[in-house]
Amino acid sequence: NVFSAIFSIWKNSNVPSFCTCTNPHIQIMSNFNTNSNSNTKLILTAGIAAACSAAITYAILRTNRKRNESLSNASSSSSFTNPNKSIASRTSFISNTERDAPRDLVFPYNHEEKMRRRIAARVAVEDDNLQPRQRVTVRVPASSANMGPGYDCMGMAVDLWSEITVERADEFEIIAEGDGADQMPLDETNLMVVGAKAAFEAAGKNMPPLRYIAKNSIPYARGLGSSSAAIVAGTIAGLVLAGHTLPCWGSEALLQIAASIEGHPDNVAPVIYGGIQLGIHNGVRWQTERVPIPAGMQLVMFIPDVIGKTSTARGVLGPEISRSDAAFNIGRVAWLVHALSSGNLDNLKSGVEDKMHQPQRGEHLYPFLFPMIRAAEKAGASCVYLSGAGPTVMALTSGASGDIFTQREKERTDSNVAKALIEVSSEYGIKGRVIVTQASHEGARVVSVEPPFSTENISYR
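Residues numbered from 1 in each chain as written. Predicted model: local features only at pLDDT ≥ 70, side-chain atom pairs only at ≥ 80, totals over all residues. Heavy atoms only, no water.

This part takes up a nonpolar patch on the surface. Together, L130, F453, I458 and Y460 line one region of the surface with nonpolar side chains, adding up to about 420 Å² of accessible area. You can call F453 partly exposed: its relative accessible area is 35%. (Patch = residues over 30% accessible without salt bridge, like charges linked within 9 Å, V, L, I, M, F, W, Y side chains within 5 Å. Areas by Shrake-Rupley, 256 points an atom, 1.4 Å probe, with all protein chains shown as cover. Salt bridge = Lys/Arg side-chain N within 4 Å of Asp/Glu carboxyl O. Buried < 20%, exposed > 50% of the residue type's maximum accessible area, 1.4 Å probe, protein only.)

See below:
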């Protein structure tokens, strides 16, 4: 009716009589346009457009309200018919309901929203099952945790690797060779087995008898993440053998399993994803983000021949810290992340300073720690810190470019730093070795599997 009335006004050349009504707004418009039919038509055309816009907006809002009400009713009905499916049993925090269907614009940084849209029409990812495998080999890197002030939250993947092969067998067996083969447990307390069990539990399947073949190049119990490597390798192997996949976007389910076993993400996150990782628990789940690795950075580590137990290293730490020490570490870890992100290796020295664990462990367990730190820094190291719970001492150096054996040694500092570490170890009567390597951008990966994932036309490497 409104549209009809306005259209009749527009159609007639003269202003209709009701424009002389007592309404002051209409009266003003009538007086203003009495002598101009074209102006009347122009103004009334604008009125028609405004009315159409209002009507369309109302219709959209009403449609959306009805849609939301129907989705709410459907969701309530679904929850009622599935009372046993609790949120705690899910391994994904990405919902697959229609409420997460595409709505508005997605920006380049909205990675999780992109993934929600991608899987919106699929069954929940955690219910996907693949073909079970018979045998799998997983390659996992070492890791250096804490990096000074980043206690239990920051770690770096190290270019030292172990290979774990797990296969279905008639009876349980662990075969170990390499570093720590005569020291690691060969029963079900081995963390490879713990990780594999967790994987089969996530898949909702019983774990069959398995044979584990460990070729260890990661120093055992030296502060280089051998336990986290075992956890991640066992978990990945178990998932592949069970034929089960886990969601990553929005849940990082593999990280949740590994960090729950380890108790913190500083080692397992870089083992899984590679690089330098900064991890937290947000109250619901573990999260981790990558921190850049500066170009030209090398790792020079002194690895004592004696093992260091994490339980012993934690035992020397007090239950409380002062406010001033907390503020000191907060500032240092922020400084460290900034130095790494900006590639400013000169700022790393202050960035790895710490008051939460290194002074205590240096005093009670590793008297060579701070003498090594001072000697390595004097020899040219960008920074030096206790790797993980120790006893390995890690120095970061600069100047590497391409293959170091084709580069002039005087352009780098790794050789001088290595000599300084060895000299201090001799003074303190500590036997050990120095390894020069680099951070690894790559994390754990499956290197072989039977039957293979590759097909006739698609090869995975």
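Still more ground to cover, so stick around.
Right, let's talk about the packing of aromatic side chains for a bit. This model, assessed by the stated rule, comprises 2 aromatic pairs. Measuring from centroid to centroid gives 5.9 Å for Y366 and F368, while their planes differ by 50 degrees, and the two rings are tilted. We classify Y366 as buried; its relative accessible area is 7%. Seen from the ring of F328, K355 lies directly overhead, with NZ or CZ sitting 4.6 Å from the centre. (Phe/Tyr/Trp six-rings, centres within 6.5 Å; stacked < 30°, edge-to-face > 60°. Lys NZ or Arg CZ within 6 Å of the ring centre and 35° of its normal.)

For the rest of this paragraph, the subject is the nonpolar core. Counting 70 residues, the largest nonpolar core has M156, V232, M301 and L396 as the members making the most contacts within it. Here the element with the most residues in this core is helix α6 (residues 226–242); it accounts for 11 residues. With near-sequence residues (within four places) excluded, M156 lies in contact with A142, S143, S144, M147, P270, G275, I276, M297, L299, Y385, L396 and A439. (Core = buried A, V, L, I, M, F, W, Y, C linked by side-chain atoms within 4.5 Å. Helix = DSSP H or I, 4+ residues; strand = E, 2+ residues; numbered from the N terminus. Contact = heavy atoms within 4.5 Å.)

So, on to the pairing of strand β8 (residues 383–386). What you see with β8 is no split at all: C383 and Y385 on one side and V384 and L386 on the other are buried throughout. Inspection of the sheet shows β8 paired to strand β9 (residues 393–397) by 4 bridges, in the antiparallel sense. Across the sheet, V384 pairs through a bridge with A395, a residue of β9. Counted between consecutive antiparallel strands, the loop separating β8 from β9 contains 6 residues, among which G388 sits at a positive phi close to 60 degrees. (Pairing = 2+ DSSP bridges.)

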